[in-house]
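Secondary and tertiary structure notes
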Amino acid sequence: METPVNKPKQLRIALRNCGMLDPENIAESIVRDAYQALGKVLKEYSPQECINILKQSGLRGRGGAGFPTGLKWEIASKSKSDQKYVVCNADEGDPGAFMDRSILEGDPHSVLEAMAICGYCIGADKGLIYIRAEYPLAIKRLKIAISQAMEWGLLGKNILGSGFNFEIKLCYGAGAFVCGEETALIHSMEGKRGEPTNKPPFPATSGFMKKPTNVNNVETFANIAPIILKGPEWFSSIGTKNSKGTKVFALAGKINHVGLIEVPMGTSLREIIYEIGGGIKENKKFKAVQTGGPSGGCLTEKHLDTPIDYENLIAAGSMMGSGGMIVMDENDCMVSVAKFYLDFIVGESCGKCTPCRIGNKRLYEILERITQGKGVMKDLDKLKNLSYIIKDTALCGLGQTSPNPVFSTLENFYDEYYEHVVEKKCRAGHCKNLFHYVINEELCVGCAACKRCCPVHAITGEKRKPHYIDSNICIRCNECIEKCSFDAISIQLEPKILV
Amino acid sequence: MEMIELSIDNKVLRVKKGTTILKAARKVGIEIPTLCHMELHNMNIENKPGSCRVCVVEVDGRRNLAPACITEVTPGMVVNTHTVRVLNARKTIVELLISDHPYDCLVCAKSGNCDLQSIAHKFGIRRVHFKGEKSTYRKDTSPSIIRDVDKCIMCRRCEMMCNEVQTVGALSAVNRGFISVVAPAFEMNLEQSSCTYCGQCVSVCPTGALTEVDSTNKVLLALMDKSKTVIVQTAPSVRAALGEEFGLPAGTLVTGKMVAALRRIGFKYVFDTDFAADLTIMEEGTELLGRLKAHLAGESNAKLPILTSCCPGWVNFMEHNFPDLLHIPSTAKSPQQMFGAIAKTYFADLIGVKRQDLVVVSVMPCLAKKYECQRDEFKVDGNPDVDFSISTRELADLIKQSNIDFLNLPDEDFDTPLGESTGASVIFGNTGGVIEAACRTAYELYTGKKLDVIEFESLRGKEGIRSAKLDFDGLTLNIGIAHGLSNARKLLDDVRAGKSDYHAIEIMACVGGCIAGGGQPYHHGDSKILRQRRNAIYREDKNKTIRKSHENPYIIQLYKDFLGQPCGQKSHELLHTVYYDKSREEITIHHD
Amino acid sequence: MVPKLICDDEMADVHAPATSDKDSLKVTIKLSVEKINAINRICASYDNDPEELISVLHETQNTLGYLPAEVQEIIAHNLKISAAHVYGVVTFYSYFTMVPKGDHPISVCMGTACYVRGAEKILDELKKELNINIGETTPDQRFSISCLRCVGACGLAPVMMVGEKVYGRVSPNDVRKILEEYREDNCEECKPTQQL
């Protein structure tokens, strides 16, 4: 499912082994340098030295927020405790994202090795992978990989004779997007509801079972071994000033080449969409690309030449997120896109804090009214004000970023909102109540085929005279268009008949 | 201790490291509004999910607003608690809560005492800008508690009390998102769950989601029935708290006014549950000595420790969780029930009224008492010993409805013969009080000597589990005391494991004892109120001339005229009871 | 004659009298010995550790098909946690179900990529064909419909799953054909309904 490897713009670090080896045979991974970095670290570096390498490399968390990884490990290493944990966040809940799944299915050892290195650095002998239940193949391959690594003495007690112990266990998600948030994830691993708790205290101080815990994303871990083996300077030579290395993106939506790509930070959106992605499907017009999933926003034509990195995306009103990129064309209604994301959030909100539990529901209701053609101008102000307050007061990252799609679409596609509210028009032809099925009098022969098939009797007319559809009754089921042999019925933005 | 300097609303202050913004602000006279946060300082109980977001404040350098109740101060922190940005956020949060709340204020049981209502009023909310769908649920009622969780605001206080403080585990947050709510398992009725009716959830609920079953109308109906003689008994804790409902400071003893008010409401005889508490001591003290003597004589089936049994919430808890230990609590009924049993036999005969025509009402600080008086074993041919139990709050309502000017009432006395009581019975309201009362009598009966000092200071205190060794003229008595069901569980686990060396254990379900019961005036999280009530109880004891149960002349007369001996046959018939296995673990096998 | 009070208190009459009858509060769990043993085995394999609740629930649901109240009570008993806690966890996570799914559970992915490629229309078509709503099971227990939040197969959007089988690039016209594969006479993979 990955895009052709020979596209020159790509540089595979996290995905270096995916598709190149049999993940169920550890020997093949070892041939491609698996556990070399672990060996090197155990033999040549103290924990602090290894942390310094990471800090030097400039690696930032690939799960979404982009916190400097080396610094994260350092804080955890400085916390004093008799027991610490390394956790891999494999809950990949962003719709449209499948980077982590591919790494876990294609190169599980890269993650296991990195977790062991992390354990060594922070002083943890236990690792946990929190993986969503919707990834059964990844779970299977991880189990095989862990057991093979244990057999080969690369995990477990006294790894490579170094005296360092590290064992890894799997924990399962159960269908809750919010469990991708690190504190919610931790509570889920403790057998509880996945409700986030306030930070501070951060997991590095008090996490799983109240012990210092380092949580990193799958893709972050996949970058560790190459950094150790090739050196931090190599890694920091790739990318932009503040965003080093590469990022895996999942291209989806109205684009010709759907799949995973890995490009250096700083690659422009234009290159990604047109050169690597093959351009817009059916040659339609590019409208926007949603990055960062439900926590992100959309980038538009004016951002096409923006180099993609953490800061630039935030400045553009979006965020990197896990790397999902959903491409949209002229037939996508941006108000509906915002509504879709809010619907998702409303279904996934844990319900703990007021702004997210009730606020997001109200945001969704306003957007629903707008797409139904019942919006008023005041609704647009309400959307903005409520979004701001939700962002300002929500307890966790899910709530704090949930209004981003609203902000972003309001900012970049205000015209569409205006049209929905004032003109009751949906230019993309998506919002059912805002477009109309219209019979062209010139073409209609009055055969009444449409009238007979209409399930709600919205069509009137006499035999052999042009018929008429009452838009107030019509439910836009499309039956009439399918039945008309004369191409006399079309979808219009206005209820008027087109001459 | 490291001190941190910060400024709040331009006031500079220094506080200990680890202090939250909320507490730091209080030190400089700034009261940041809260809703889900609740701290009962004296009892080490704190609910701080940080989820309502009402207490948010602006912190320089922080991108979003910070919840003051859980954000700890940092050096040089600059906090602003009422900028326009903060006020706008707070108002919107409350508007959102109201938008998902029934507009029931006019008829809601919590009106006037509702934290959400107070905050809406305080913030001047006149319009709800964000109207929409409301989450609705099935109403649920039980003998003591009504759940109307359309009004739930997910503050999680009830869940915290039930699971962490009481370890009863009847409630949990269920579902996810907009429809999430706090409910029993499988959203069954509270009555079918392991709920003990201790009512602590009711006493901390900020809205009308959890309230008590209101029996005032039933009482009024009885009072209106000319064919009935309606009498009332009042628990000790009521007199120490009732005044709060009329604006008196917490800890004001209003015994005389309470009696006067009850008369004016229309009760024919106003009696004192304390009388029955003295009776309980006679029975339970005799039982204790009996079991102790058997134990000392080396009898193998001597059942020690003996546990007090006057708390129905605790009895429920025991029946649910320790059905294997049902032989160790005292078999004595609670004072409420002993009163009812005596009232409907001895007293009914005395005034020539038939049992069915005598209506016994009790005023209790407790919600479990509503359930207790309905237990089948406390009825004779279907007629209950105690017909209705109302809470201190309900009594205040009755007084107000009867147009009585409470504050200006004269002090009146209880009626006799069931109204005279000793100081020992009053202290039943405090944790440690029941066992202290029992010991005052047990000591003198066992040793034959008079106590030099009447107060047993070693039995008093506020720690959840306390123990004391008492010297009964050479015999050392090990006493254990627990209040709060999590502490009760710990002691009972020890008993079950055979590790307990207590001779007697007093257990009260509510932390603080009955003065903190589920039916008392709402404390809204101010634990100072509980301390004042506690002190009032000890003051009332000190003011009594007779302070030991066995010296109550009316009790002596009752045994002489009617009961015979403590733990004698008649006493066993009327004043003792049995317990039932209510554990949920019966699994019947279904054969396919 | 006692006049009726105008403000009659209806709630107080609603509740059933409290009872000391021990049987009325007992939970009657009707499960076969094998099923009870299976649950006990699963709990024991995780050392009856309450932290492992989610793994226990997963395995129990995989074995028994769903998690009705009785099953949750047994798990609560074994792990020494309250039934309310178990119920709170079961209802929080979308994966766990208290009602049996159909023989062939259908999940439509509603992730963004699939949405943008028309997942809603597939859902509508399914609802029309089977005459049930999302979260429901057909009366003959053959099919049930649920929505999944992104299975990570975005390259094949829109995606529909029947049981474990993934169908990619589904169009509304394909729906009827796919359902045909699972009708009584055609079905090669039919399993008997899991019943307790």
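Calculation rules
- Residues numbered from 1 in each chain as written.
- Chains lettered and ligands numbered in written order.
- Predicted model: local features only at pLDDT ≥ 70, side-chain atom pairs only at ≥ 80, totals over all residues.
- Heavy atoms only, no water.
- Helix = DSSP H or I, 4+ residues; strand = E, 2+ residues; numbered from the N terminus.
- Buried < 20%, exposed > 50% of the residue type's maximum accessible area, 1.4 Å probe, protein only.
- Contact = heavy atoms within 4.5 Å.
- Areas by Shrake-Rupley, 256 points an atom, 1.4 Å probe, with all protein chains shown as cover.
- Rg over C-alpha atoms; globule rule 2.2 N^0.38 Å.
- Domains from an automatic or database assignment.
- Buried area = accessible area lost by both parts, 1.4 Å probe.
- Salt bridge = Lys/Arg side-chain N within 4 Å of Asp/Glu carboxyl O.
- Polar contact = N/O pair within 3.5 Å; in protein donor to acceptor, adjacent residues only side chain to side chain.
- Nonpolar A, V, L, I, M, F, W, Y, C, P; charged D, E, K, R; others polar.
- Core = buried A, V, L, I, M, F, W, Y, C linked by side-chain atoms within 4.5 Å.
- Pairing = 2+ DSSP bridges.
- Phe/Tyr/Trp six-rings, centres within 6.5 Å; stacked < 30°, edge-to-face > 60°.
- Lys NZ or Arg CZ within 6 Å of the ring centre and 35° of its normal.
- Axes fitted to C-alpha atoms, helices over the stretch in contact; angles between N-to-C directions.
- Lys, Arg positive; Asp, Glu negative; His and termini not counted.
- Right-handed = clockwise from strand over helix to strand, strands pointing away.

**Here we look at the overall build of chain C**
Counting its regular elements, chain C contains eight helices and four strands. Taken from N to C terminus, the helices and strands of chain C fall in the order α-α-α-α-α-β-α-α-β-β-β-α. In chain C, buried positions account for 49% of the 196 residues. Considering only contacts in chain C between residues 6 or more positions apart, those separated by 24 or more positions represent 62%. Carbon and sulfur atoms make up 49% of the accessible area of chain C, which totals about 9,500 Å².

**Description of the overall build of chain B**
A count of helical and extended segments in chain B gives 19 helices and 22 strands. Here chain B has a C-alpha radius of gyration of 25 Å; the compact-globule value for 592 residues is 25 Å, and the two agree. C-alpha extents for chain B along the principal axes are approximately 75 × 70 × 60 Å. For chain B, the proportion of its 592 residues judged to be buried stands at 66%. Contacts in chain B between residues at least 24 apart in sequence constitute 74% of all its contacts with a sequence separation of at least 6. As displayed, chain B has an accessible area near 21,900 Å², and 50% of this comes from carbon and sulfur atoms.

**As for the domain arrangement of chain B**
Size of an interface: often given as the accessible area lost when the parts come together. All names here are of chain B. Domain boundaries in chain B define domain 1 (3-82), domain 2 (97-212) and domain 3 (272-359 + 413-575). Each of domain 1 and domain 3 was reduced to a C-alpha centroid, and the two centroids are 43 Å apart. Listed as interface residues are seven residues of domain 1 and, on the opposing side, nine residues of domain 3. Surface buried jointly by domain 1 and domain 3 totals about 620 Å² across both partners, of which 61% is contributed by carbon and sulfur atoms. For the domain 1 face of the interface with domain 3, the top three residues by lost area are Leu40, Asn42 and Met43, together amounting to 78%. The interface formed by domain 1 and domain 3 holds zero salt bridges in total. If you look at where domain 1 meets domain 3, you find one residue pair in polar contact (both at pLDDT 80 or more). Split by residue class, the side of domain 1 that touches domain 3 holds four nonpolar, two polar and one charged.

**Focus on the nonpolar core**
Nonpolar side chains in soluble globular proteins generally cluster together in the buried interior. Among the nonpolar cores identified, the biggest contains 136 residues, and Leu242, Phe267, Trp314 and Leu395 of chain B together with Tyr93 of chain C are the most heavily contacted of them. The greatest single-element share of this core, amounting to seven residues, is contributed by helix H5 (residues 83-92) of chain C. Among all residues touching Phe267 of chain B, those that are not within four sequence positions of it are Val219, Leu223, Val230, Ile231, Val232, Leu262 and Val361 of chain B. Membership of the second largest hydrophobic core comes to 107 residues, among which are Leu260, Cys298, Met328 and Phe340 of chain A.

**Some thoughts on the sheet that holds strand S12 (residues 210-212) of chain B**
Sheet strands pair by backbone hydrogen bonding; their relative direction is either parallel or antiparallel. Residues and elements named next belong to chain B. The strand order across the open sheet formed by three strands is S8-S9-S12, and the pairing between neighbours is antiparallel. Across the chains shown, the open sheet's two edge strands, defined by having one partner strand only, are strand S8 (140-141) and S12. Examined bridge by bridge, strand S9 (residues 145-147) and S12 share three bridges and lie antiparallel to one another. If you follow Ile145 over to S12, its bridge partner there is Glu212.

**Some words on the interface of chain C and chain A**
Listed as interface residues are 33 residues of chain C and, on the opposing side, 48 residues of chain A. On the surface where chain C and chain A come into contact, there are one salt bridge. Lys169 of chain A is the partner of Glu52 of chain C in a salt bridge, and the nearest nitrogen-oxygen pair spans 2.6 Å. On inspection of chain C and its partner chain A, the count reaches 12 residue pairs in polar contact (both at pLDDT 80 or more). Counting only elements with at least two residues in the side of chain C that touches chain A, the list comes to helix H3 (53-64), H5, helix H6 (112-116) and helix H7 (119-130) of chain C. Sorting elements by how many residues they give to the side of chain C that touches chain A places H5 of chain C first, with five residues. Class assignment for the residues of the side of chain C that touches chain A results in 17 nonpolar, 10 polar and six charged.

**As for the packing of aromatic side chains**
Scanning the model with the defined rule gives 20 aromatic pairs over all chains in all. Between the aromatic rings of Tyr120 of chain A and Phe164 of chain A, the centroid separation amounts to 5.6 Å while the plane-to-plane angle is 85°, which identifies the pairing as edge-to-face. Here Tyr120 of chain A is found in helix H6 (residues 108-122), whereas its partner Phe164 of chain A is found in the loop between helix H7 (136-151) and strand S3 (167-172), with 44 residues between them in sequence. Judged by relative accessible area, which is 17%, Tyr120 of chain A ranks as buried. Here Phe435 of chain A and Tyr437 of chain A contribute two aromatic rings whose centre-to-centre distance is 6.4 Å and whose plane-to-plane angle is 45°, an arrangement assigned as tilted. Here a set of aromatic residues connected by ring pairs shows up, and it is made of Tyr269, Phe271, Phe339 and Phe347 of chain B. Over the ring of Tyr135 of chain A we find Arg132 of chain A, and its NZ or CZ is 5.1 Å from the ring centre.

**Some remarks on the pattern of salt bridges**
Residues and elements named next belong to chain B. Counted according to the given criterion, the structure contains 80 salt bridges over all chains. One salt bridge in this structure joins Arg147 and Asp140, with 3.6 Å as the shortest N-O distance. This pair shows no difference in class: Arg147 is buried, exactly as Asp140 is. Among the ionic pairs, Arg375 bridges to Glu319, the shortest N-O distance being 2.8 Å. Placement of Arg375 in the loop between helix H12 (368-372) and strand S17 (379-380) and of Glu319 in helix H10 (residues 312-321) is noted, with a sequence separation of 56 residues between them. With respect to burial, Arg375 and Glu319 carry one shared label: buried. Taken together, the shared-partner salt bridges in this structure form one network comprising Glu436, Arg440, Glu455, Glu457, Arg460, Asp541, Lys542 and Arg547.

**A few points about the environment of Leu21 of chain A**
All names here are of chain A. Structurally, Leu21 can be placed in the segment before helix H1 (26-31). The exposure class of Leu21 is buried, given its relative accessible area of 10%. Counting along the chain gives 85 residues from Leu21 to Gly106, while the straight-line C-alpha distance between them is 7.6 Å. Apart from the residues within four sequence positions on either side, Leu21 is in contact with Glu28, Ser29, Arg32 and Gly106.

**Focus: the environment of Thr60 of chain C**
All names here are of chain C. Following the sequence through the fold, Thr60 ends up in helix H3. Separated by 17 residues in the primary sequence, Thr60 and Cys43 place their C-alpha atoms 8.9 Å from one another. Other than its neighbours up to four places away in sequence, Thr60 contacts Ile39, Ile42, Gly65, Leu67, Val71 and Ile75.

**A short note on the pairing of strand S13 (residues 229-234) of chain B**
All names here are of chain B. Within S13, six of the six residues are buried, leaving the element largely enclosed by the surrounding structure. The side-chain alternation of S13 yields two buried faces, one formed by Thr229, Ile231 and Gln233 and the other by Val230, Val232 and Thr234. As defined by bridge partners, S13 adjoins strand S16 (residues 358-364) across six bridges and the pair is classed as parallel. From the neighbouring strand, Thr229 faces S16, where its bridge partner is Leu358.

**As for the sheet that holds strand S1 (residues 104-109) of chain C**
All names here are of chain C. The four strands lie next to each other as S2-S1-S3-S4, forming an open sheet whose pairing is mixed. In the strand order of this sheet, the two ends are held by strand S2 (143-148) and strand S4 (165-167), each with one partner. Across this sheet, the average inter-strand angle for adjacent strands is 20°, counted without regard to direction. Here strand S3 (residues 160-162) runs beside S4; their pairing, made up of three bridges, is antiparallel. Within S4, the residue paired with Met160 across the bridge is Tyr167.

**Some details on the side chain of Arg357 of chain A**
In this fold, Arg357 of chain A is placed in helix H15 (residues 354-371). Despite its burial, Arg357 of chain A pairs with no opposite charge; the closest candidate is Asp100 of chain B, at 5.0 Å N-O. A distance of 3.4 Å separates a polar atom in the side chain of Arg357 of chain A from the backbone oxygen of Lys352 of chain A. A polar contact is formed between the side chain of Arg357 of chain A and the backbone oxygen of Ile153 of chain B, at a distance of 3.4 Å.

**Focus: the pairing of strand S21 (residues 475-483) of chain B**
Residue and element names in this part refer to chain B. A large share of S21 lies buried, amounting to eight of its nine residues. Relative to S21, strand S20 (residues 465-472) is paired through eight bridges, and the arrangement is antiparallel. In the sheet register, Ser467 faces S21, and the bridge partner there is Gly480. Between S20 and S21, which pair antiparallel and follow one another directly, the connecting turn spans two residues, one of which, Asp473, has a positive phi of 55°. Crossover handedness for the path S21 to helix H16 (residues 485-496) to strand S22 (residues 504-508): right-handed.

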